Structure formats: C-alpha cells, structure tokens
Amino acid sequence: MILGIILFTAACLLVLGASVWVLLKEIFIVHVPPAITHRVRFHILNYFFQLVITLGNLLEKMKICSMPHFVCFIQDLVVPKNNSGVLVKNLHFGTIPVRLFQPKAASSGPRRGIIFYHGGGCVFGSLDCFHNICSHLARETDSVLLSVGYRKLPDHHHPAAFQDCLNATIHFLKDLKTYGVDPARVVVSGESVGAGTAAVISQVLMGRQDLPQFRAQVLIYPITQVVNFQLPSYQQNHNAPFLSRKFLMTCVCKYLAIDLSWMDSMLKGTFIPPDYWKKYEKWVGSDNVPQRFKIKGPQSKFPEFFNETAYLETQRIFGLETSPLLADDKIIAQLPEAFLVSCEYDVLRDDTLLYKKRLEDQGVPVTWCHVEDGFHGCILLFDKNIFSFPCSHKVMNSTVSYIKGI
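Quick caveat, the model's predicted, so the values are computed rather than measured.

Caption draft 1: Layout of the environment of Lys268. Tracing the chain through its elements places Lys268 in helix 9 (residues 263-268). A relative accessible area of 32% places Lys268 in the partly exposed class. Linking Lys268 and Pro97, residues 171 residues apart in sequence, is a C-alpha distance of 39 Å. Not counting residues within four places of it along the chain, the set of residues in contact with Lys268 comprises Phe302, Pro303 and Glu304.

Below is the structure:
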C-alpha cells in the first residue's frame, strides 16, 4: 500500500515536472512564424506534442517503455476514427498489416486506386493515426484506398519500412480486380517519410511488365534526400515546431542505424566524398532552390573538409531507398506525373522544391501546391475542428482536387 502511494506520488511529480519544463520552453523559446494563424492553438498543440515526447523519453530512460511506443499509444488514443461513407477492412498481406477503405456508394465500374504510406519519420504514425486522412481521401475522391502499416522504430531499422511498403504495393497491384480498382488509374501517395517512400517505389516499380503502372504520384511534403542538411529551409526552419532539423536528423540516424555522434559530420557534409558531391551538387545543392526561398547574407561552406571515416559510417545515406532525389536522369524521366505539396515553415520544404525541379527538368508534368502558412504535419489536423488550420484544409482540398482530376 505504502509502496503504491510512493510510486503514484513519484509518477505525479514526474508528469508535473515535465509539464512545467515543456511549458517554460513553449513560452520563452518556441517561435511561431507570423504567417501562421491561430497562434494560441498552435502553441497549445506544440506544447502537448512536446510534452508527450518528453514523457516518452523519460519513460525510455527509466526502461519502462520506449519513446516511439509511448507516443504512438497516445496518438492512437486521441484519434476518433471516422468511417462515414466508407467500408473499412483490416487485412494482412503476409505479415504486413494493411487497411482497405472502399466507398459505400455504388459504382458503375472499377474505381480509382490510391496506395498510401503514412508519415512519422519511421518513429511515429500508424494506421490508426492516419485513419481519418485515408477515410476522407477514399470518400471524397470515390477511390479504393490501401493504407500500409509498415514496420518502424524502435524495433525495426532500414530497410524494413521500405520493404513492407514495396511488398504490400506489389501484392495490391497484382490483385486490383479483387478490390474493384481500375489498373489504369492507380495513384501512389504518402505524407512526409511516407511520401519519400512513394517516390522511391515509383522509381523501383517503373517499367515492371508484370504490374500495372502508376498513373500519378502524390507526395505531401516528402523527404527526398538526406545528404544536404544545409538547404535554405533547413536553416530557416531549423527549430520549427513539430519537426526541427535536429529531431529529423535524429530520426534519420536511428532508422539508418547510424550512431548519433556522426550528426555533426552529417550537418557539415564532411561525410560526402568530393567525387560524390561533384555528381550530386547539381541536384542537392542550394543553388537549385528558387531565389525567393533562399536566405540572405553569407553562407557557411558546404560540404566541409572530407572525413573518410564519417563516410564509411554513414554511406547508406546515398542509397536510392533513402534519397530518391539522387536517381539518374533516365529514371526520373520515366516517372509518372506528380502532385507535390510543400509548406513554407517546414524543414522539408526544399526537398520538395528540388524534386520538383528534377522532375520538370526531365519533362515530367508536375502540379505544385505551396502553402505559405503551412507547417510540417498540418494535414493531420484537417478534421480537428478547433485545432484545425487554414493550411490543413488547403493541403487536403488540393490533394483531393488533384486526385479527382485523374
């Protein structure tokens, strides 16, 4: 009895201490960009997001629960699932959990198909967390949507997520008739790291004679490279709420099983061999970012002096499974048309801009939606009523409009 009281008191003090610490940071450190409307609700959301991560880190240090498991538990707990207008089926393709969304309304023929990979940096996110996005997309575009529940941290590292998404996609493409999907109208899509995965899978499955080809790729603020962390958006938004540069790099290192001690080398680019930079600079260099997005004033040298040991420890960064932006021109030129979303206050903004340039340079049609008041993850809030934002609706409505036009 006494032990239980002591433990309960300790837990309350832990939560209280973490709450006060995160609140002080939110008040005195966190900067909300002036273009973002509803600043108070933005602070409230970021406060609770950071509090959950802080509590997760504390539980992980106490060896009670891993931070990713705790955050996903809280995420799934607070998302009321909306199945209005759709039939939802939980399935497994082999060992891979997937969720199928099919409109209830009758159809005169095969429907458009959407394959969706959720975001979360291979740390957060789940089928439940992104349930309402998928349900809305399926209903509003009158499409059959497949959402893939891939493996992620802390239990699984690269290339587990990619392999799950690839295998689930192939399984679905081989059996489209079963789900009433038109093989000529299949869209591959995703958000954040899921959008990067969609870009990779578009490249990997391109030209496969035994599979239907994608009609389009829908990439919502994708991560397309992990080579240059000194792009203008990474500097302008290095401490942006919801996704800072440091947190992004931490997720990249953990997923790729790179020791965190190499983050400084990654930031400075000392892991990039000179011959690699000579090849990739024309694709990932800051000079390729449109002028209006660049920062003013003197810029630090990138990359700095080459460190071979850093390269040997981080070389998996250059794989196309993690950096689809590095694909050869002949691959890029054959890709399907694309719909790209970028947000002004997002470290990944320039990843989208660079991929847009690569596609357009090779003659691939691109529809671009840039959200001036947008921030990373904003689409997740499209249905959160008082905690929604204009940018959330713009991203969702633009995505729906584009898919309906296919």
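Caption draft 2: Inspection of the nonpolar core at higher detail. Counting 136 residues, the largest nonpolar core has Phe172, Leu248, Met266 and Phe375 as its most contacted members. At nine residues, helix 2 (residues 39-61) tops the list of elements feeding residues into this core. Those residues in contact with Phe375, other than ones at most four positions away along the chain, are Ile36, Phe42, Phe242, Cys343, Tyr345, Leu381, Phe389 and Cys391.

Caption draft 3: Region of interest: the pattern of salt bridges. Applying the stated criterion across every chain, the model contains 17 salt bridges. Residue Lys81 pairs with Asp128 through a salt bridge whose shortest N-O separation is 3.7 Å. Highlighted residues: Lys81 in the loop between helix 3 (67-77) and strand 1 (86-93) and Asp128 in the loop between strand 3 (111-117) and helix 4 (131-141), separated in sequence by 47 residues. Across the pair Asp264 and Lys268 runs a salt bridge whose closest N-O atoms are separated by 3.2 Å. With Asp264 and Lys268 both in helix 9 and four residues apart, the pair spans about one turn of that helix. By relative accessible area, Asp264 is classed as partly exposed at 42%. In the salt-bridge network here, residues are joined through shared partners; they are Lys81, Arg99 and Asp128.

Caption draft 4: Looking closely at a nonpolar patch on the surface. On the surface, a cluster of nonpolar side chains totalling about 820 Å² of accessible area is made up of Leu13, Leu16, Val20, Leu23, Leu24, Ile27, Phe28 and Ile29. Relative to the assigned elements, Ile27 resides in helix 1 (residues 2-28). Residue Ile27 is classed as exposed on the basis of its relative accessible area, which comes to 53%.

What counts and how
Residues numbered from 1 in each chain as written. Predicted model: local features only at pLDDT ≥ 70, side-chain atom pairs only at ≥ 80, totals over all residues. Heavy atoms only, no water. Helix = DSSP H or I, 4+ residues; strand = E, 2+ residues; numbered from the N terminus. Buried < 20%, exposed > 50% of the residue type's maximum accessible area, 1.4 Å probe, protein only. Contact = heavy atoms within 4.5 Å. Core = buried A, V, L, I, M, F, W, Y, C linked by side-chain atoms within 4.5 Å. Salt bridge = Lys/Arg side-chain N within 4 Å of Asp/Glu carboxyl O. Patch = residues over 30% accessible without salt bridge, like charges linked within 9 Å, V, L, I, M, F, W, Y side chains within 5 Å. Areas by Shrake-Rupley, 256 points an atom, 1.4 Å probe, with all protein chains shown as cover.

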